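Here's the letter readout for the chains.
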Amino acid sequence: MSMYIRVKRKKTTVFLQVEPTDTVLEVKQKLQALVEWPPHKLQLFKEPHNQPTVLEDAKKLADLRVENDEVVAMAYLQDGRLRHKTLWLISAVSNAKGHDDAPLAQPASTK
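Residues numbered from 1 in each chain as written. Predicted model: local features only at pLDDT ≥ 70, side-chain atom pairs only at ≥ 80, totals over all residues. Heavy atoms only, no water.

**A look at the nonpolar core**
Of all hydrophobic cores here, the largest spans 20 residues; its most connected members are Leu31 and Leu44. For this core, the secondary structure elements donating two or more residues are strand 1 (3–9), strand 2 (12–18), helix 1 (24–35), strand 3 (42–46) and strand 5 (70–78). Sequence-distant contacts of Leu31, defined by excluding residues within four places in its chain, comprise Val7, Val14, Leu16, Glu36, Leu42, Leu44 and Met74. (Core = buried A, V, L, I, M, F, W, Y, C linked by side-chain atoms within 4.5 Å. Buried < 20%, exposed > 50% of the residue type's maximum accessible area, 1.4 Å probe, protein only. Helix = DSSP H or I, 4+ residues; strand = E, 2+ residues; numbered from the N terminus. Contact = heavy atoms within 4.5 Å.)

**Description of helix 1**
An ideal rise of 1.5 Å per residue puts 16 Å on twelve residues; helix 1 measures up with 16 Å between its terminal C-alpha atoms. Inspection of helix 1 places Val24, Val27, Lys28, Leu31 and Val35 among the buried residues, and these make up the whole buried set. The buried side chains of helix 1 occupy one side of the element, clustering within an arc of 95 degrees when seen end-on. Buried residues belonging to helix 1 abut strand 1, strand 2, strand 3 and strand 5. Directly after helix 1, the chain includes Glu36, whose backbone phi takes a positive value near 60 degrees. (Expected span 1.5 Å × (residues − 1). Arc of directions from axis to C-beta.)

**Overview of the packing of aromatic side chains**
What the rule picks out here adds up to one aromatic pair. Measuring from centroid to centroid gives 4.3 Å for Trp37 and Tyr76, while their planes differ by 0 degrees, and the two rings are stacked. Remark: Tyr76 occurs in strand 5 and Trp37 occurs in the loop between helix 1 and strand 3; sequence separation between them is 39 residues. Each member of the pair, Trp37 as well as Tyr76, carries the same accessibility label: buried. (Phe/Tyr/Trp six-rings, centres within 6.5 Å; stacked < 30°, edge-to-face > 60°.)

By themselves, these observations are geometric and do not establish any function.
Structure (structure tokens):
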């Protein structure tokens, strides 16, 4: 059964039609046409309870408990690092607090 997710980065929101059986990599491939960044340079996050979790490429959305109309945060990787020093996650939580582009977490170090 198809569902929609909202992928957000700063002030940009992309609405995607996905299947619960889609992998995170397949979602990134769908995003590639819209954001013009290759899948290996996109990082997706889910933010349960203000704790950002990296969504692994091989995992299915259903296994990660991504549900219909869920917000997924996106960051770009540049030279093996997140494009910004601070990972900007926009979600209902940050918007409810009245913060636009509020930094909620520091990115994990990448090697």
